[in-house]
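Structure at a glance
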Amino acid sequence: MTAGDGGAKRGLRIIVCIKQVPKAQELSVDPVTKTLKRVGVPSEINPPDQNALETALRLKAERGGEVLVLSMGPTSFDESLERAIAMGADRAYLISDRALGGSDTVPTANTLSEAIHKLGSFDLVLCGEETTDSSTGHVGPGIAGHLDVPQITYCSDVVVVGDRVRGTRMIEDGAETWECALPAVVTVDFGCNRPREPSLTGKIRVKRGGLITRWSAADLNLDPAKIGLRGSPTIVAKVETVQLPDRQGKIFREEPAVAVALLLEALKKDGVVLP
Amino acid sequence: MTDPGSPGAGPHASGVWVFVEARRGALRDVSIQLIGEARRIADRKGAVLSGVLPGWKIDSLAREAIEYGLDRVYVVEDPRLETYTSRPFTKILAALIRKHRPEIVLFGASKNGRDLGGRLHAVIDTGLAADCVRFDVTPEGYLDMIRPAFGGRSLAHIHCEKQRPQMASARQNVFRPPPRNLSRRGEVVREAVEITDADLDVRVVRFVETPKHDVSKIDDAKILVSGGAGLGEAKNFALLEDFADVLGGAVAASRKPVDAGWVPKAVQVGQTGKTVRPNLYVAVGISGAVQHLAGMQEAGTIVAINHDPKAAIFEVADYGIVGDLFQVVPEMIRQLRARSGKTAVAVSAAAGDR
């Protein structure tokens, strides 16, 4: 399709890739063992992916079309896919297979790309800028590389005009606006919009069921050598605990004037020279 | 699909490379920092250290990169490469990697560096470790790529044993910039990689520069006053501005005030924001979620002000005041002003060296 041939009237087919992650803000450190308390920590849709989904739903509201949600992970991810549908996504797809366990960003991008092929044509693939649990930001650009389409990463604003997408990237020294033809992969900045809450009608759609499709590795005809741990070029060779500086932890509970005086005295003693 | 095939495994792969990022006529800070670290890795491996520098009118930048420690720079010059876009830069890196077969390729983890690495690793099918804060070489000769794991309480050592090159990005402002040696000599190699119109699939239509004083304030500040949910609303950040002024510092924030739109994302400290290492970090009304601690736990001295004595922030603080921040902070400002005039505000090296 070329510009000016009526593309503006056509609805958009948007695929949003999401991951389910532990809720970072609910994580805390055990004061005794100094390790992360992970048991019982609730999950959420990776926060930047929520912003990507919100971006997709707004584009659909403007332009019409459909929003498909795609994820790869264990069946517990259904919780997030249901939430995405309740927020307004049309359908969701979960690639779930033991053989996919241990995937690094190479097979993850590869597997998601194969699923996108299976979904057929698309206008936009939207991803969060990165996940809060792995923080690589590599999967979105990896998908673009696999699909051989343009990419615009770290966008705080995404606009579709006709058959082109315009994304404003927040980079270190400013805001840079890139524009390219559809189809494209766009990654969305964390916090660039306020993700909507699930709606009542959305929840009813979830209840009725039938909107989540499960795919196995075999359903996608994935090469066993290209998936999961085996298809991952990198390994985590070991994990070391960070040795944090030992803090004195001196707490002042006096009334403000006294507490502040004591604090300033203590800082001065430590060599923190104050006015 | 893009061009198939990995540059392959490699007994023959050799040499350490860095992607040298030119940005608006200058080398990016992270590229300079990376050259210093890559020099160390190359020396340990007894390898040649090369840079790849795509751009336009970049002769002086190529020389500068050599003066910071490169042995060789592969220069690809084209007016259409003046501003970074993903596909042409990926094509250039992929072509040069296939041609010269480096063992290691490193990127600065700027937004563009991550954009490039992410696309490239999928196209050439090799591993890429993101945002490394330390590198080492294992006894077997693998690059030990060390990066913070979830929550910032541990470091993961990532290895890429079979595929070549081994690739990683280096977090910004972690590695010290190497000294510049103006008499250092190296080789500038001009490479031609054909860029077609189809490769120019993205147009950069606009750039709005962020004013300098907004960009690096919290990265470079020696003293940070950081506000959290306890501030309650946007206008209360004015109190922290006053506090920072009297201390000669800058204002930062935890995630909540950013989510709520009270302050811009650029000042956010934490897992989803920035990692800072000021000499003094004063956390005001911040509960201390792990995701926040990950961004500030390496500060020299940490002071916490919070009304909740059980707040997790006190666990990592050197000093804490349990009390209402709206009483404690004005009192701090008052007492600091009362003292001022005697000595200039300064924080000794001893406090910042931890």
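Residues numbered from 1 in each chain as written. Chains lettered and ligands numbered in written order. Predicted model: local features only at pLDDT ≥ 70, side-chain atom pairs only at ≥ 80, totals over all residues.

Quick notes on the interface of chain A and chain B
Residue-level contacts link 77 residues of chain A with 89 residues of chain B. It is helix H6 (residues 256–269) of chain A that contributes the most residues to the side of chain A that touches chain B, nine residues altogether. For the side of chain A that touches chain B, the per-class residue count stands at 40 nonpolar, 23 polar and 14 charged. Examined bridge by bridge, strand E11 (residues 174–181) of chain A and strand E13 (residues 202–209) of chain B share seven bridges and lie antiparallel to one another. By the bridge assignment for E13 of chain B, Cys180 of chain A is matched with Val202 of chain B. (Contact = placed C-beta atoms within 7 Å. Helix = DSSP H or I, 4+ residues; strand = E, 2+ residues; numbered from the N terminus. Nonpolar A, V, L, I, M, F, W, Y, C, P; charged D, E, K, R; others polar. Pairing = 2+ DSSP bridges.)

A look at the sheet that holds strand E15 (residues 250–252) of chain A
What holds strands together in a sheet is hydrogen bonding between their backbones, with the strands either parallel or antiparallel. With parallel pairing, the six strands of this open sheet are ordered in space as E15(A)-E18(B)-E17(B)-E16(B)-E14(B)-E15(B). Looking along the sheet, the strands with just one partner apiece sit at the ends: E15 of chain A together with strand E15 (250–253) of chain B. Each strand axis lies, on average, 20° off the axis of its neighbour in the sheet, ignoring direction. When E15 of chain A meets strand E18 (residues 319–322) of chain B, the two strands line up parallel, connected through three bridges. Note on E18 of chain B: the bridge partner recorded for Phe252 of chain A is Ile321 of chain B. Contacts from helix H7 (residues 237–247) of chain B reach strand E14 (223–227), E15 and strand E16 (280–284) of chain B, with the element oriented near 170° to E14 of chain B. Against the sheet, helix H10 (residues 325–339) of chain B engages E16, strand E17 (301–306) and E18 of chain B, with an angle of about 135° to E17 of chain B. (Axes fitted to C-alpha atoms, helices over the stretch in contact; angles between N-to-C directions.)

Side note on the domain arrangement of chain B
Residue and element names in this part refer to chain B. Domain annotation for chain B reports domain 1 (16–199) and domain 2 (212–352). For domain 1 and domain 2, the distance between their C-alpha centroids amounts to 34 Å. With four residues of domain 1 in contact, the opposing surface of domain 2 contributes six residues. Taken together, the residues that form the side of domain 1 that touches domain 2 break down as one nonpolar, three polar and no charged. (Domains from an automatic or database assignment.)

Side note on the environment of Met332 of chain B
In this structure, Met332 of chain B sits in helix H10. Through-space distance from the C-alpha of Met332 of chain B to that of Val246 of chain B is 9.4 Å; in sequence the pair is 86 residues apart. For Met332 of chain B, the residues in contact, after removing those within four places along its chain, are Val260 of chain A together with Phe243 of chain B.

Looking at helix H1 (residues 29–45) of chain B
The end-to-end C-alpha separation of H1 of chain B is 25 Å, in line with the 24 Å expected for 17 residues at 1.5 Å each. Of the residues one or two after H1 of chain B, Gly46 of chain B is the one with positive phi, at around 65°. (Expected span 1.5 Å × (residues − 1).)

What about helix H4 (residues 139–147) of chain A?
Residues and elements named next belong to chain A. With nine of its nine residues buried, H4 lies for the most part within the structure. Here H4 has its buried residues at Val139, Gly140, Pro141, Gly142, Ile143, Ala144, Gly145, His146 and Leu147. Of the residues flanking the end of H4, it is Asp148, one or two places downstream, whose phi is positive at about 60°. (Buried ≥ 20, exposed ≤ 12 C-beta atoms within 10 Å, placed from the backbone.)

Points about the pairing of E15 of chain B
Residue and element names in this part refer to chain B. With burial as the criterion, each face of E15 is covered, one bearing Ala250 and Ala252 and the other bearing Val251 and Ala253. Bridge count between E14 and E15: four bridges; the pairing is parallel. Counterpart to Gly227 in the pairing with E15 is Ala253. Remark: the E14/H7/E15 crossover connection has right-handed handedness. (Right-handed = clockwise from strand over helix to strand, strands pointing away.)

Structural notes on the domain arrangement of chain A
For chain A, the assigned domains read domain 1 (10–226) and domain 2 (245–275). On a C-alpha basis, the centroid separation for the pair domain 1 of chain A and domain 2 of chain A is 46 Å.

Structural notes on the sheet that holds strand E6 (residues 104–108) of chain B
Residue and element names in this part refer to chain B. With parallel pairing, seven strands are arranged side by side in an open sheet as E7-E11-E6-E1-E4-E5-E12. Edge positions in the sheet fall to strand E7 (128–132) and strand E12 (187–190), since each of these pairs with one other strand and no more. Neighbour to neighbour, the strand axes of the sheet diverge by 25° on average, direction disregarded.

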